[in-house]
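# Coordinate analysis (summary)
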Amino acid sequence: MIDLKLIRDDAAAFDAALARRGLAPLSAEILAQDAHRRSVQTELQSLQARRNEASKEVGQIKRQGGDAEALMEEVARIKDRLAALEAEDKELGEALDTILAGIPNLPASDVPDGADETQNVEVRRWGNPRNYAFQPKEHFEIGEGLRMMDFEAAARLSGARFVVLRKHLARLERALAAFMLDIHTLEFGYEETQVPYMVRDHALYGTGQLPKFGEDLFRTTNDYWLIPTAEVPLTNLVADSILDEKDLPRRFTAYSPCFRSEAGAAGKDTRGMIRQHQFTKVEMVSIAHPDRSEDEHERMTQAAQTVLERLELPYRTVVLCTGDMGFGARKTYDIEVWLPGQNTYREISSCSNCGDFQARRMKARFRAAGEKNTRFVHTLNGSGLAVGRTMVAILENYQNEDGSVTVPEKLRPYMGGLEVIQADA
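Residues numbered from 1 in each chain as written. Predicted model: local features only at pLDDT ≥ 70, side-chain atom pairs only at ≥ 80, totals over all residues. Heavy atoms only, no water.

## Things to note about the sheet that holds strand E16 (residues 378-386)
Going by this rule: In this description, strands pair whenever DSSP reports at least two bridges between them. Only DSSP runs of H or I reaching four residues or more are called helices, and only runs of E reaching two or more are called strands; each is numbered from the N terminus.
As summarised here, the arrangement of the 8 strands in space is E1-E11-E12-E13-E16-E10-E9-E4, forming an open sheet in which the pairing is mixed. This sheet does not close on itself; its edge strands, each paired only once, are strand E1 (121-126) and strand E4 (191-192). Direction of pairing for strand E9 (residues 250-259) relative to strand E10 (residues 278-288): antiparallel, over a ladder of 10 bridges. Each residue of the ladder has a partner; that of Pro257, found in E10, is Thr280.

And the structure:
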């Protein structure tokens, strides 16, 4: 959520930041609402003071045997007016919160301006795509050829955008998750965490999915939401809390299923595992000191890149332009892995610094040693990595002409020493 003080202090800068997001100015509307509410609060405070004063005078007059009827009538009128003002203050506050809750995070100064993904800026590239002596296949052709990737069985169970994995590909998914978690916990200091896969409204509000993006989520009939990413429960671990400065940063990682309705993805990636309603992901979340969140962002991105480098999968990293960033991010790096079957790079990780945007929504703060006041933490999240898309990348990059797939060397200990995945005879 945007800091209202920021808008009060520099409305022009706020509107300029919204313009970078492609949005119309909002400061005039917000400040008018804010001014109205503050005038109501001022009257409330004045009347509360007068009520208290008049009530004391009533007591004094009664103790002296005098007539306090006029003052008592004034107190009654004040009481009625206070009730109306309190209701108005509550209504105005909720309306203001609704406006603020729908405003995306403001982009960092070094984020490139742009309308869409075509204006993202590449910042690094690693690895060289392999040259094939044959026409590389897409992952679903490979998986179905191995008879270990079954979209028809999944469709009978659940409809489109699901898959059943069998045998070595089912094990490959488990192996990839363990491999990623080992890198993040043993080398980058993330705390492995198991989290609920269903949450209540307030958790999704805290990370910014609600109220604006409810249609992208799955909801149960008893008012739980299936998590779209482990970012939601992991970040909310610090909701409504005051941390000690010495405990920052807090770093969490979790392997979990993710559930997304893909409401706006009609016709996109309908074949294969690129865009599904249910997929698994290893997520990273950092709770950082505001002065060090930019360094933490670079570190998190490096953790995700390390997974791809160990698997020897070519990738490139881009910084998203203002028009392509997610709602809660102030700066985002997307890591895109090379897919020879599609002859292009596709997103496999997104690492975002959200600044204090989520922390304000979930009231996550810290206190420096010896200080009375608290400050909001900065929150960061990143995929480390999307497990299904990593499997897609392995199948396509390590495919052989006979339809088999070589297991990356670093994964073989997690696959029981298996070196090649091939269809059973």
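## Observations concerning the environment of Pro104
For clarity, the cut-off: Exposed residues in this analysis have more than 50% of their type's maximum accessible area, buried residues have under 20%, and partly exposed residues fall in between, with area computed by a 1.4 Å probe over protein chains only. By definition, residues are in contact when any of their heavy atoms lie within 4.5 Å.
With respect to the element layout, Pro104 can be found in the loop between helix H4 (69-101) and E1. Classification of Pro104 as buried rests on a relative accessible area of 8%. Residue contacts for Pro104: discarding those within four places in its chain leaves Ile2, Arg21, Leu23, Phe327 and Phe357.

## Concerning the packing of helix H7 (residues 167-187) against helix H12 (residues 387-397)
For clarity, the cut-off: Axis geometry follows a simple rule: fit a line to the C-alpha atoms, using only the stretch in contact for helices, then measure angles between N-to-C directions, giving values from 0 to 180 degrees. In these notes the angle categories are as follows: under 35 degrees is roughly parallel, over 145 is roughly antiparallel, 65 to 115 is roughly perpendicular, and the rest is oblique. Two helices crossing with the near one rotated counterclockwise from the far one by less than a right angle form a left-handed crossing, whereas a clockwise rotation gives a right-handed crossing.
Running from amino to carboxyl end, H7 crosses H12 at an angle of 115°, the nearest separation of the two axes being 10 Å. Classified by the angle between their axes, H7 and H12 sit roughly perpendicular to one another. Note on packing geometry: the crossing formed by H7 with H12 is right-handed. Between H7, through Leu169, Leu172, Glu173, Leu176, Ala177 and Met180, and H12, the contact on the second element is made entirely by Val387, Thr390, Met391, Ile394 and Leu395.

## Focus: the nonpolar core
The line we're drawing: We call a set of buried residues a nonpolar core when its members are Ala, Val, Leu, Ile, Met, Phe, Trp, Tyr or Cys and they connect through side-chain atoms within 4.5 Å of each other.
By size, the foremost hydrophobic cluster in this structure holds 50 residues, and its most contacted members are Leu169, Leu176 and Ile421. When residues of this core are traced back to their parent elements, those giving at least two are helix H5 (139-145), H7, E10, helix H10 (293-310), strand E12 (331-339), strand E13 (344-353), E16 and H12. The greatest single-element share of this core, amounting to 9 residues, is contributed by H7. Not counting residues up to four positions away in its chain, the partners in contact with Leu176 are Leu311, Val387, Thr390, Met391, Ile394 and Leu411. Counting 16 residues, the second-largest nonpolar core is a separate cluster that includes Leu4, Phe14, Leu96 and Ile103.

## Comments concerning the sheet that holds strand E5 (residues 198-199)
With antiparallel pairing, 3 strands are arranged side by side in an open sheet as E5-E7-E6. Whereas interior strands pair on both sides, the edge strands pair on one side only; in this sheet they are E5 and strand E6 (218-219). Sheet analysis places E6 next to strand E7 (residues 225-226), joined by 2 bridges and oriented antiparallel. By the bridge assignment, Arg219 is partnered in E7 with Trp225.

Purely geometric numbers; function is a separate question.
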